[in-house]
Every structure is written in structure tokens, then in C-alpha cells.
2 protein chains.
Amino acid sequence: MLPGIGVFGTGDIVRALVPFLRAKGFRVEAVWGRTLEAAENVATELNIPFHTNKVDDVLLRKDVDLVFIICQPDLHAQIAVKALGIGKHVLCDRPAGLCQLEVLKMVHAAQYYPSLISVVSHGLRFLPAFIQMKRRVEAGYVGTVNVCDVRVHCGSMIGSQFDWMCSHLMGGGILTMVGSHIIDIVSFVTGQRAGRVHGLMRTFTKSTDKINGIRWIDSDDFCSFQMILEGGTCVTATLNSHMGGGFVQEVAVCGSKGRLVVRGSALYGQTAGAAREELLHQGADDPSLLANRNSSARVNSLLPQPYLQGLFRLVGALKEAFATGDGEHGWLKGPVASAATFEDGQYVQAVMDALRLSSASRQWEQIVLEKI
Amino acid sequence: MLPGIGVFGTGDIVRALVPFLRAKGFRVEAVWGRTLEAAENVATELNIPFHTNKVDDVLLRKDVDLVFIICQPDLHAQIAVKALGIGKHVLCDRPAGLCQLEVLKMVHAAQYYPSLISVVSHGLRFLPAFIQMKRRVEAGYVGTVNVCDVRVHCGSMIGSQFDWMCSHLMGGGILTMVGSHIIDIVSFVTGQRAGRVHGLMRTFTKSTDKINGIRWIDSDDFCSFQMILEGGTCVTATLNSHMGGGFVQEVAVCGSKGRLVVRGSALYGQTAGAAREELLHQGADDPSLLANRNSSARVNSLLPQPYLQGLFRLVGALKEAFATGDGEHGWLKGPVASAATFEDGQYVQAVMDALRLSSASRQWEQIVLEKI
């Protein structure tokens, strides 16, 4: 039987996710909100039997075996560590935490309870386009990987009222929201991690028509970063939330023999000498998601299509892990085994910490993974 | 009467340019090549009455009043300085020289002979899309300019045999060939120059099927750079010649009130609150260039459409300067007045020098314009 789920968070993503979880056969037993009112609203809207604003009230429920932590990032680590300690499986949204040491606590908890699932929601790993990109890179399609060239263009990520997205101390900003996915998918596809990084981050929009009181926006809305991977690959990424219009994401991997590009959720490739680029994977929207997507159009502003599709596919892999799981560590063998672990989350957090430091120090910074 | 022209160089651009110059009414009197054979081949092919491999033989000709310096960059400065000293007008291809001090000599020569035309071939300034972008930025379409986001994707710039393009010491590389144009157009459009810069440059393709002897390619084929302009604008640019296929250039200017993007030679814009992006200038190919373009398809590999169109429009402005010029400094008033001067070329060179230094030092570098 599939586990009962407790959801932490009351945002738009929760509104998109809960119907999808049910469609997959999961029971959503409880929802937690920062305020009782927020929790009640979501519980009513989504018909969730239990709501609360106390973390323990969800974690201690017997009918909850798996928790989805999709609330503000400054609460991720404490909820995840506690959940694992109580024996619950955990899916944690990105960023895993606020700094590397926080995520390291999550890593320790995950190591202490290896039979529990503990994954970070880097869903791009489950998009067919990136899966195929990784396979082709491994099979030598591009030869030696020289360059990863990434850009994400989107509109403002700031909502109509001040919330954690406006505050870099609470984990907001385009680096944590988008860059975390990019840092993860680059290491997933290339099999390399960053050795040193350089970042340039800015907050250009410090107030809006609706947020202009005593609190100012200080989360980054522009980020350009470069990484030198351990194998020598140069990565350059531009994350620009000043581009209005739709969400544009392009991840190119260029090598000595050719190149691969994921645009949106489609994969293109061209080998050296080929006359033109070929479509390798049509990024058609998954039909099973369409109905859901239509019912939650506003979700797309916070969670663009490729990320939403990826998250849904990650949920599908989770379902399979539970449906076929045979005892301890069973989840390490199924499709969910390729999900981002808390260790991966720590690496991503280490890179983000170094990028922030680099933007302030104006220097390249080494990536050091803490172990204590 | 329009001046007679002497051309320095025998490359594909010369083959495209000479027919266009004639169509505009210029007489092409002489061509110089590095070897007598190269000069003779071009002279025969293009029906140019005089050819030589001696610089002075072109400069001293009475029927040559304007020289186009479109040869290898390490010769630009010496030819330009000499030409001005002999009283010839000069159009110099980019990069103006190999380093800032070399270009400074050109600046001094230009200052010493102010009645002579001295321009660098940064033709993007003459593309209608960029002219309109500049006007709209000045008129406040985007508000305060926060971000310039540039990317250029193209295939390899290395030809079938070893030449100056393979050598960074001789001025080759994607930074000098493409980045110089980008650095110039950003300052042209924003009215701001760089205060400090950060560069990451690499040569991934050190040999090819045809270039694999004792000489290796050491000019950069990948460059990611960032600039902080004097007004605080962040510029990030990715120049990637590992992308095969066609030439893709996108220059976005994002501000507090909206954004403008030149894609290829078309201008798009979106103001804050607008539902979608609007086409502000159709980048249709100039019909007068089409015939010429068709006859020199291979030129496009070395000089992509926007640059070729821009260069041709710069030539049109030059023609007007001569056709309407009324005595000294007359050329400072006409359309050619917006061309890049040697001072502009010195600035671009200073930025490129700093980017190379930054890539080696792994630090941000200040832009210092030499004056002695």
C-alpha cells in the first residue's frame, strides 16, 4: 500500500501537487501551514482531512509515512531532520536549506536512517530530455565535455505581498529557486562537480507597487555564474528574471565531437560535421499532466513547466519505489534511485554558498564539502 | 567625387566588400596582400587595377584617398598610423590593434589629423535595430538600465589552414572577433563604459583534422565575461563557438520599466505590465544587400549577417560623408559621426586586455584608459 502523505506548505505548488498525488494513488492525510488560517484554507480547498500549524502534529500522525516539505526554505532542515528521526520518508523542496551546515545536518540524519527515503526535489533529473542527454553524454555523443552554457530567462518571481521569496536570508532569490536546479542538473548530466566558482548577483528590484513599505526586497533577481568542474569543463549560466514574458530555459552541453541542448523539455543535438541540428526528444507535455496543468495555470509562474513536469515524474518514481519496495534500501534500486539525495543537496548548497561569497568577495571561490 | 580606395587584406570579407563598394560608387584602386600571390589572386578575381605586397605602394598612390584595413590585426596599427600620416582616410577592421598601447598610437595619429576620417568597423552601430534600441533606451523605454544580457552562439571560426585566427598573439579568437563588437555596442546603446570586468576564456579546440602539425591553435574559442558599467549596469556575455549550426546573436537590455532585445537584426520590446513582447523593428535583410550576399555565401561564416549588414551601412554613411562633406571636420556631422572612433577602439581594446588579464589572474580587473 502506498504511504499516507503529510504536506508542509500552503503555496501554489501544493495546490498543483495534491491533486496529482491523489491521481497517483497516494492519500494526503495532513497539511501544515505557517498560520492556522493558511492551513485551513488549503485543507478546505483541497479537501485534506487534517490541518495544523504545529510541525509535530503532522510528523507524529500514524497515517503519515511520507512528508513533502514544500514550505519556506528556512524551515526545511529542522522539519526534515525531525521527520527522519520519527521514521518518516522525506521529499524536500529546493533549496534543501539555508546554508551548507544546515543541509549537512539533514545528510547526517539521512545517513542515520538509510532505510528511509530522503530526496531533494530536483525534478529535472526525471525529465526525459535530461535523462537522454545524460545517456548520450555518457555514450560519447559530444566527446569530451568542454562547455556547459545555460540560460534562464523569466519574469519577476516576486508575488503581490512580502514573503520569504523577497528575503535572501529566508532562502529566496533566483539562485536558490532556479540556480539550485541548474547546479544539480549540470552535475547530473556531466557526472562532474564544481571545483571553483564565480558569481555575480544583484537585486535590482528592491520594491514593487505592492511591496514598498518598511520591508525591502533583498533576494537576488539577477545572477550570472561560472563554474570550473573537476574535469575542466567550463560552465556559464545566466539567470535573469528581468525578461518578462514566458519562462525560457536552455541548457547546452558542448564537447569535442558535438553538442546537446535541452530547450524547455525538448532535446536537440548536432554532431561535428552534421549539416544541422536534429530533434532527439520531442518535449511534448505529458498528457497525464495536462488536465492538472490547466486547472492550476497560476502555478506556472512559480514553478515553470519543466520543473513541474520533473517534480511530477519524481512523484511517479516515488510511487514505484513504494509499490515495488522490498524492505530496507529497496528504494535505492528503483527509478527513484537517480533522485537527488541530501548529499547532492549539500553539494548544491555548498556551490550556492560559494557563489554568494564570490559575489561579495569578487573572487573565485573553492567548493569545500563539509563533513563534520 | 568619391575617393579612390585602397584595400589591405585578401580575405573573404574583402571579396564581399569590394563589389559593394563599387555598387555605392567608390573606385577600388589597389589591393595589398601579405604575399604577392594572394594579392594577385584577389586583384584578378575582383578586377582591381593594382596589387602589391608592400604597404607603402598602396599608401603612396595618388588615386587612393581612403584605405580599408581588413587584414590581420597585428598589422592594423602600423598601417593606420602610416596612412593617416600620409593623409589618407582610414577605416580599420576590428580589433583595432593587439593591445591598448598599440591602439593609443592610432588615437594619437587620429587626433593629429582631425580632418581625416578614422573609424573602426563596429558596424552594429549602423544596424537599424541597434539605432532604435539606443533611441528607446535614451527615451526611457526600459527605465534605468539594470542588466545587459548577451549571447552569441556560432560554429568554429577556425579555417582550413593555420592563420592569424588561430593565434591569440596575432589577434585571433572569439573575444577579438565577436566580443569587440559586443563591448562596443553595449557602450553605444547604454551610453556607459565598463568600470571593471571579469573574464573566463578558454581554447578547447587546439587542433583540427587540417591543423595538427607543429603549430597549435591558441586563440580563445569560448569566452564568458561580465562587466560592471560606470552607472552600475551589470553586463553578462557568453561567446560560444562550440554551438555549430547558424550564427545566433541576442543582445538584451533590461531595465526598471521594461526590456529591449535585438535578435539577429530585429528589435523586440516589452514594457512592464504589457501582456507580451512586441516586434519594434523587423530585421528584414536589406534588399540592396541581397544580391551581393547571394554571391558570397561563404563570407557569412566569417562575417555573420548582422556584422556584414552593419559594415555595409557604415560604408553607406562613409559615402554620404564624402558626397556631402564640406571641408574640415565635415565628417563629424553626418551619419558617419556615430561610427566608432579610434578612441572607441582604444576603449574596446582596454576592455579586451583587462578580460584577458582577468581570465589569467582569476580576478576582476579595472579598466584604465592610457593617455600618454
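Definitions and limits used
Residues numbered from 1 in each chain as written. Chains lettered and ligands numbered in written order. Predicted model: local features only at pLDDT ≥ 70, side-chain atom pairs only at ≥ 80, totals over all residues. Heavy atoms only, no water. Helix = DSSP H or I, 4+ residues; strand = E, 2+ residues; numbered from the N terminus. Rg over C-alpha atoms; globule rule 2.2 N^0.38 Å. Buried < 20%, exposed > 50% of the residue type's maximum accessible area, 1.4 Å probe, protein only. Salt bridge = Lys/Arg side-chain N within 4 Å of Asp/Glu carboxyl O. Contact = heavy atoms within 4.5 Å. Buried area = accessible area lost by both parts, 1.4 Å probe. Least-squares fit on C-alpha atoms with pLDDT ≥ 70 in both. Pairing = 2+ DSSP bridges. Axes fitted to C-alpha atoms, helices over the stretch in contact; angles between N-to-C directions.

Draft legend 1. Expanded view of the overall build of chain A. Looking only at helices and strands, one finds 11 helices and 16 strands in chain A. Whereas a compact globule of 372 residues would reach a radius of gyration of roughly 21 Å, chain A reaches 20 Å, a difference of no more than 12%. Its C-alpha atoms put chain A at 60 × 55 × 45 Å along the principal axes. Counting across all 372 residues of chain A, residues that qualify as buried make up 58%.

Draft legend 2. Quick look at the pattern of salt bridges. The tally for this structure, following the rule as stated, stands at 29 salt bridges over all chains. Here A:R27 and A:E29 are joined by a salt bridge, their closest N and O atoms 2.4 Å apart. Residue class for A:R27 comes out partly exposed when judged on its relative accessible area of 31%. For A:E29, a relative accessible area of 12% corresponds to the buried category. One salt bridge connects B:R125 with B:D184, and the closest N-O pair in it is separated by 2.7 Å. Placement of B:R125 in the loop between β6 (118-120) and α6 (128-138) and of B:D184 in helix α7 (residues 174-190) is noted, with a sequence separation of 59 residues between them. Both residues of the pair, B:R125 and B:D184, count as buried.

Draft legend 3. Focus on the interface of chain A and chain B. Every contact between the two is made by 32 residues of chain A and, on the other side, 32 residues of chain B. Taken together, the two surfaces of chain A and chain B that pack against each other cover about 3000 Å², and 55% of this comes from carbon and sulfur. Considering only the side of chain A, the residues that lose the most area to chain B are A:F204, A:M243 and A:R362, jointly responsible for 18% of the buried surface there. Applying the counting rule to chain A against chain B returns two salt bridges. One salt bridge in this structure joins B:E250 and A:R151, with 2.9 Å as the shortest N-O distance.

Draft legend 4. Inspection of the relation of the copies chain A and chain B at higher detail. Superposing chain A onto chain B takes a rotation of 180° combined with a translation of 0.0 Å along the rotation axis, leaving an RMSD of 0.0 Å. Look at the turn and shift together and you get a two-fold axis relating the two. Of every C-alpha in chain A, the one belonging to A:Q363 sits nearest the axis of rotation, 2.8 Å from it. Taken as a fraction of all interface residues of chain A, those also at the interface in chain B reach 100%, which identifies the copy contact as same-surface.

Draft legend 5. Region of interest: unusual backbone geometry. Between A:R94 and A:P95 the backbone carries a cis peptide bond, its omega angle lying at -10°. With respect to the helices, strands and loops of the structure, A:P95 is situated in the loop between β5 (89-92) and α5 (100-112). Look at B:N47: it is not a glycine, yet its phi comes out positive at around 60°. Tracing the chain through its elements places B:N47 in the loop between α2 (36-46) and β3 (50-52).

Draft legend 6. Here's a closer look at the sheet that holds strand β14 (residues 278-281) of chain B. Residues and elements named next belong to chain B. Taken together, the nine strands give an open sheet; going across it, the order is β14-β13-β12-β11-β7-β10-β9-β8-β16, and neighbouring strands pair in mixed fashion. For this open sheet the edge positions go to β14 and β16 (365-366), each flanked by a neighbour on one side alone. Lying over the sheet, helix α11 (residues 342-361) contacts β8 (194-202), β9 (222-229) and β16, oriented at roughly 55° with respect to β8.

Draft legend 7. Here's a closer look at the sheet that holds β5(A). Residue and element names in this part refer to chain A. With respect to topology, seven strands assemble into an open sheet ordered β3-β2-β1-β4-β5-β6-β15, the strand pairing being mixed. Across the chains shown, the open sheet's two edge strands, defined by having one partner strand only, are β3 (50-52) and β15 (340-341). Pairing of strand β6 (residues 118-120) with β15, which is carried by two bridges, proceeds in the antiparallel orientation. Residue pairing across strands places V120 opposite A340, the latter belonging to β15. Against the sheet, helix α2 (residues 36-46) engages β2 (27-32) and β3, with an angle of about 160° to β3.

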